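# Fold and geometry: a report
As a plain string of letters, each chain reads:
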Amino acid sequence: MSVETGSSTSKIEIYVPLLNEGTDVVRPTQGIVLGSDEVQVLPTPHYDPADEEWEFPPGTRVRCVREFRNGRELLVARQRIA
């Protein structure tokens, strides 16, 4: 993935996989671009870890991949960065 950015504080829309949903589900949220292939996950306004289990919780640094879902290209968080 290559995230195009004008500065190190740019926000982009990313999608985070949800766990224990019984099907493949991703939640849209924002991320802060930290580098050419590094994004920090931000919470949604009503983020509740008791309601949804995100594979990569807010604050996690991730790499995203471009995926096509329902005819749209999305940036999906797929790898945690140590």
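One numbering rule holds for all chains: residues counted from 1, following each sequence as written. Where local features are concerned, this predicted model is filtered to residues with pLDDT of at least 70; where side-chain atom pairs are given and counted, the filter is 80 or more; whole-chain, interface and lining totals use all residues. No hydrogens and no water enter the side-chain calculation; it runs on all heavy atoms of the structure.

For this document, the term salt bridge refers to a Lys or Arg side-chain nitrogen within 4 Å of an Asp or Glu carboxyl oxygen. Taken as a whole, this structure holds six salt bridges when the rule is applied. In this structure, the salt-bridge partner of Asp-37 is Arg-63, at a minimum N-O distance of 3.0 Å. Taken together, the positions of Asp-37 in the loop between strand E2 (26-35) and strand E3 (38-41) and Arg-63 in strand E5 (residues 61-69) put the pair 26 residues apart, joining distant regions of the chain. The class for Arg-63 is partly exposed, based on a relative accessible area of 31%. What emerges from the salt-bridge pattern is a single network uniting Asp-24, Glu-67, Arg-69 and Arg-78. Secondary structure elements are taken from DSSP: a helix is a run of H or I of four residues or more, a strand is a run of E of two residues or more, and numbering for both begins at the N terminus. Burial status follows relative accessibility: with a 1.4 Å probe on protein chains alone, a residue under 20% of its type maximum counts as buried, one over 50% as exposed, and anything between as partly exposed.

With that settled, the discussion passes to the pairing of E5. Pairing between strands requires that DSSP locate at least two bridges from one strand to the other. Taken together, the two bridges between E3 and E5 define a ladder with antiparallel strand orientation. Opposite Val-39, over in E5, you have Val-62 as the bridge partner. Bridging between E5 and strand E6 (residues 72-80) involves eight bridges; their strand directions are antiparallel. Within the sheet, the bridge partner assigned to Val-65 lies in E6 and is Val-76. Between E5 and E6, which pair antiparallel in sequence order, lie two residues; one of them, Asn-70, sits at a positive phi of approximately 50 degrees.

A few words now on a negative patch on the surface. Exposure above 30% relative accessible area and no salt bridge define the residues that can form patches, which grow by joining like charges within 9 Å and nonpolar side chains of Val, Leu, Ile, Met, Phe, Trp and Tyr within 5 Å. Note that accessible areas follow from Shrake-Rupley with a 1.4 Å probe, and for residues the cover is restricted to the protein chains shown. Residues scored as positive are Lys and Arg, those scored as negative are Asp and Glu, and His as well as the terminal groups of each chain are ignored. Lys charges are placed at NZ, Arg charges at CZ, Asp charges at CG and Glu charges at CD. Together, Glu-21, Asp-48, Asp-51 and Glu-53 line one region of the surface with negative charge. Structurally, Glu-21 is set in the loop between strand E1 (11-19) and E2.

None of the figures reported here should be taken as evidence of function without further support.
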